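Residue-level structure breakdown
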Amino acid sequence: MIEHVHNHITKEMEQNTKTDIIFILTSIVLNLITLAVNSGLVEKSRTESSSLIVMFVFVTLIVLVNIVVVIGLVKGRQTRKKLLNGLITMYRDQNVAKYYDETLLSNYNARYNLFILVVVCTGVIATMVPFILR
């Protein structure tokens, strides 16, 4: 039964990783595409108010998507921590905890913070650059 629980936890962690990757890539790709589109609209936005409105709609989209991604990454970090704590407890119960370095928990936490920083930075750049160019 322990092996079954171990496999279940590791599969949950794999799914968590895949979800995080989707969140991160979606955010970065959307931010870069929106940066390109809004930068292309800069010239027209000086004379056409509709182009300026479109730019603001894209900015709203960037903000909303990035908020969702950051929340998703925070939840992913919390989930990973709970799953790893479960594994560590299981390893302790089975007297094999010495093979798992618990400092990995802080490494995962730092990695999530870096992912969140990348998402926020690309979002801020995608939002500000077109308006700076305007």
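The notes below deal with the structure included here. (Residues numbered from 1 in each chain as written. Predicted model: local features only at pLDDT ≥ 70, side-chain atom pairs only at ≥ 80, totals over all residues. Heavy atoms only, no water.)

Let us now look at helix α3 (residues 104–133). Under the 1.5 Å per step criterion, the end-to-end length of α3 is 43 Å for 30 residues, consistent within 8% with the ideal 44 Å. In this structure, the buried residues of α3 make contact with α1 (2–47) and α2 (49–93). (Helix = DSSP H or I, 4+ residues; strand = E, 2+ residues; numbered from the N terminus. Expected span 1.5 Å × (residues − 1). Contact = heavy atoms within 4.5 Å.)

With that settled, the discussion passes to the pattern of salt bridges. Two side chains carrying opposite charge are able to pair once their charged atoms lie near each other. Inspection of the entire model under this criterion finds 2 salt bridges. Where Arg92 meets Glu102, a salt bridge forms, and the shortest distance between an N and an O atom there is 2.6 Å. You can see Arg92 sitting in helix α2 and its partner Glu102 sitting in the loop between α2 and α3, a full 10 residues away along the chain. A relative accessible area of 35% means that Glu102 is categorised as partly exposed. (Salt bridge = Lys/Arg side-chain N within 4 Å of Asp/Glu carboxyl O. Buried < 20%, exposed > 50% of the residue type's maximum accessible area, 1.4 Å probe, protein only.)

Glancing now at the nonpolar core. A general tendency of soluble globular proteins is for nonpolar side chains to be buried together. Counting 9 residues, the largest nonpolar core consists of Ile9, Met13, Leu83, Leu84, Leu87, Ile88, Met90, Tyr91 and Tyr100. Elements represented by at least two residues in this core include exactly α1 and α2. Sorting elements by how many residues they give to this core places α2 first, with 6 residues. Leave out the neighbours within four places in its chain, and Leu83 touches Ile9, Glu12 and Met13. Residues Ile24, Val69, Tyr112 and Ile116 belong to the second largest nonpolar core, which totals 6 residues. (Core = buried A, V, L, I, M, F, W, Y, C linked by side-chain atoms within 4.5 Å.)

Within the secondary structure, Asn109 sits in helix α3. With a relative accessible area of 34%, Asn109 lands in the partly exposed category. Expressed as a C-alpha distance, the spacing of Asn109 and Arg80, which sit 29 residues apart in the sequence, is 9.2 Å.

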